[in-house]
Amino acid sequence: MSVLAGIDQARVESFFKAESALYAAARPRSRTMAEQLKHGFYQGVPMHWMRDWPMPFPMMVAQARGATITDIDGNSLSDFCLGDTGSMFGHSPEPVARTIAAQAGIGLTYMLPTPKAAEIGPLLSQRFGLPNWQIAATATDANRYALRVARAVTGRNRILVFNGCYHGTVDETFVRLVDGKPVPRAGLIGQANDPTGNAAVVEFNDTPALERALAGGDIACVITEPVLTNSSMVLPEPGFHAALRQLTRTAGTLLLIDETHTISTGPGGYTRRYGLEPDLFVLGKPIAGGVPASVWGFTDEVAAKLDAVRAMLAPGHSGMGTTLSANALVLATMHATLTQVMTHDAYAHMERLAGLLQESLSAVIAGAKLPWHVARVGARVEFIFAPAPLRNGTEAEATHIHELEAAVHLGLLNRGVLIAPFHNMMLVSPATTEADVAKLAAAFADVVGSLAGFSGTAGSQPASRTSTASD
């Protein structure tokens, strides 16, 4: 008998088959429309990632408000995916929706600044601690531009990433360690150059390996999330970030912190909460309330060196920016998000309910005696198919059990809860309620009970209270 993280594989397969039938029976209109989408769209979806959900066919969304998403068959779900962070502050926050309507009547893009831009720059500096900012369309773009700057001002070509990292679709970051050696990430399509040529890769939390990699003096920039979040959650060990900052400074290497996921930590992200000191900073996804946008910032020292580099060059395209970057709609919605949505009160609510969710899921796992655990960074929570906290990307990779993830995710969806399709990540938004958390905990208990072979009341969710769970 094969066992997947404490669950009989045959039971997982049987459960998934039964849940697939339930899903299909509840969504006849989605099934019909999914067939229609096959005419014109590759793989029947506007963007192929939409097929990554463990659904027999895509669920067609009719509307989303706050923390609830409703499909065209009338099924309403408590949404803990929130657009994979793009709607981390809820779907269509009222200030953002109102701003979109107002901006629509006066133009959407001019390739010129607006009065809102004069307010956004100081807001970004105050919140995230860096003095110089640019706006891009996505975090992928922002990371690309920031890395170009790092190469320009250091005169070095190579970057360093941590095994298991995720920085959008930046080519150089698609590397992994396999048997201690850097290799291109599996699944890459049409990669013209070997990304390991310009990228070193070491394990997160491995300070000696980091020191060795930087010793050659050829690394322009270390790009990292403060917490690995897209390979199962890997928290930094005590002292790791301090060592990272010291080692990069000693080596003359710039440090880029990508907070696109860890903005779940607080209004200033993980960087401000834990006093990190990056040379470059990137934030995308939720920064404009769901409108595609990102920001990237850098120190005055980097700015001065960049000015010097540009002064020596003939006029021409810098390779940083796109025509629709920093358009008027983005500026308006980003201002609304920064001033009215990403508030301290919102984060306090998110932190409290995320702590409650962490405790609730942990109680279910303990009651079922499964070798799993729950990790959290602020409003981001994840249950992980391993008994103890993970230390690096290799350990994280080993926790990915596709069949089990798919079964749990589909089971939760059929019980009225949506979580992210990528591993087992959940987000709490300002619109999420205690009732939503209780619903997810009850659904999780029922799914776990069914998979483990007993009544779905494994564990009991704790009483509602303010959580003091740490990051």
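Residues numbered from 1 in each chain as written. Predicted model: local features only at pLDDT ≥ 70, side-chain atom pairs only at ≥ 80, totals over all residues. Heavy atoms only, no water.

Chemist: Tell me about the sheet that holds strand β6 (residues 132-136), residues and numbers included.
Modeler: Here we have seven strands laid out as an open sheet, ordered β6-β14-β13-β12-β11-β7-β10, and mixed in their pairing. Either end of the sheet is taken by a strand with one partner, and the two such strands are β6 and β10 (199-202). On average, each strand axis in the sheet is tilted by 20 degrees relative to the strand beside it, whichever way the strands run. Of the strand pairs in this sheet, strand β7 (residues 158-162) and strand β11 (residues 219-224) are connected by three bridges, and their pairing is parallel. Its bridge partner being in β11, I159 is matched across the sheet by C221. (Pairing = 2+ DSSP bridges. Helix = DSSP H or I, 4+ residues; strand = E, 2+ residues; numbered from the N terminus. Axes fitted to C-alpha atoms, helices over the stretch in contact; angles between N-to-C directions.)

Chemist: Which residues make up the pairing of strand β4 (residues 68-71), and what are the values?
Modeler: Bridging between strand β3 (residues 61-65) and β4 involves four bridges; their strand directions are antiparallel. Residue pairing in the sheet places R65 in a bridge with T68 of β4. Linkage of β3 to β4, two consecutive antiparallel strands, is achieved through a turn of two residues, within which G66 is found at a positive phi near 60 degrees. In this sheet, strand β5 (residues 76-79) lies alongside β4 in antiparallel orientation, the contact comprising three bridges. Across the sheet, residue T70 finds its bridge partner in β5, namely S76.

Chemist: Could you give an account of the nonpolar core, with specific residues and numbers?
Modeler: Counting residues in hydrophobic clusters, the biggest one holds 83 residues, and the most contacted among them are M334, W372, F383 and L404. At 10 residues, helix α11 (residues 344-368) tops the list of elements feeding residues into this core. Contact partners of M334, with chain neighbours within four places excluded, come to I120, I135, I287, A288, A293, S294 and V295. Counting 29 residues, the second-largest nonpolar core is a separate cluster that includes A139, Y145, V153 and A303. (Core = buried A, V, L, I, M, F, W, Y, C linked by side-chain atoms within 4.5 Å. Buried < 20%, exposed > 50% of the residue type's maximum accessible area, 1.4 Å probe, protein only. Contact = heavy atoms within 4.5 Å.)

Chemist: Outline the packing of aromatic side chains, supporting the account with residue identities and numerical values.
Modeler: Applying the stated criterion to the full structure yields 17 aromatic pairs. Judged by centre distance (5.7 Å) and plane angle (70 degrees), the ring pair of F162 and F240 falls under edge-to-face. One end of the pair, F162, is in strand β7; the other, F240, is in helix α7 (residues 240-251), with 78 residues separating them in the sequence. Per residue, the accessibility class of F162 equals that of F240, and both read buried. Through a chain of ring-to-ring contacts, three or more aromatic side chains come together here, namely W372, F383, F385 and F444. (Phe/Tyr/Trp six-rings, centres within 6.5 Å; stacked < 30°, edge-to-face > 60°.)

Chemist: How would you summarise the confidence of the model for the protein if you had to cite specific residues and measurements?
Modeler: Mean pLDDT over the protein works out to 94, with 96% of the residues at or above the 70 mark. For the stretch residues 456-471, pLDDT sits under 50, and the model shows 46 contacts to residues farther than four places along the chain or on other chains. (pLDDT = per-residue confidence, 0-100.)

Chemist: Tell me about the packing of helix α1 (residues 9-25) against helix α14 (residues 434-452), residues and numbers included.
Modeler: Two quantities define a packed helix pair, namely the angle between the helix axes and the distance between the axes. Two elements in contact, α1 and α14, have axes whose closest approach is 8 Å; the angle formed by their N-to-C orientations is 130 degrees. In terms of orientation, α1 lies oblique with respect to α14. Along the contact surface, α1 presents R11, V12 and F15, while α14 presents V447, S450, L451 and A452. Among the residues making up the contact of α1 with α14, the classes are represented as five nonpolar, one polar and one charged. (Parallel < 35°, antiparallel > 145°, perpendicular 65-115°, else oblique. Nonpolar A, V, L, I, M, F, W, Y, C, P; charged D, E, K, R; others polar.)

Chemist: How would you sum up α11? Please name residues and give values.
Modeler: Here α11 contains 25 residues, and its C-alpha end-to-end distance of 36 Å stays within 8% of the 36 Å for a straight helix at 1.5 Å per residue. Phi turns positive, to about 55 degrees, at K369, one or two residues after α11. (Expected span 1.5 Å × (residues − 1).)

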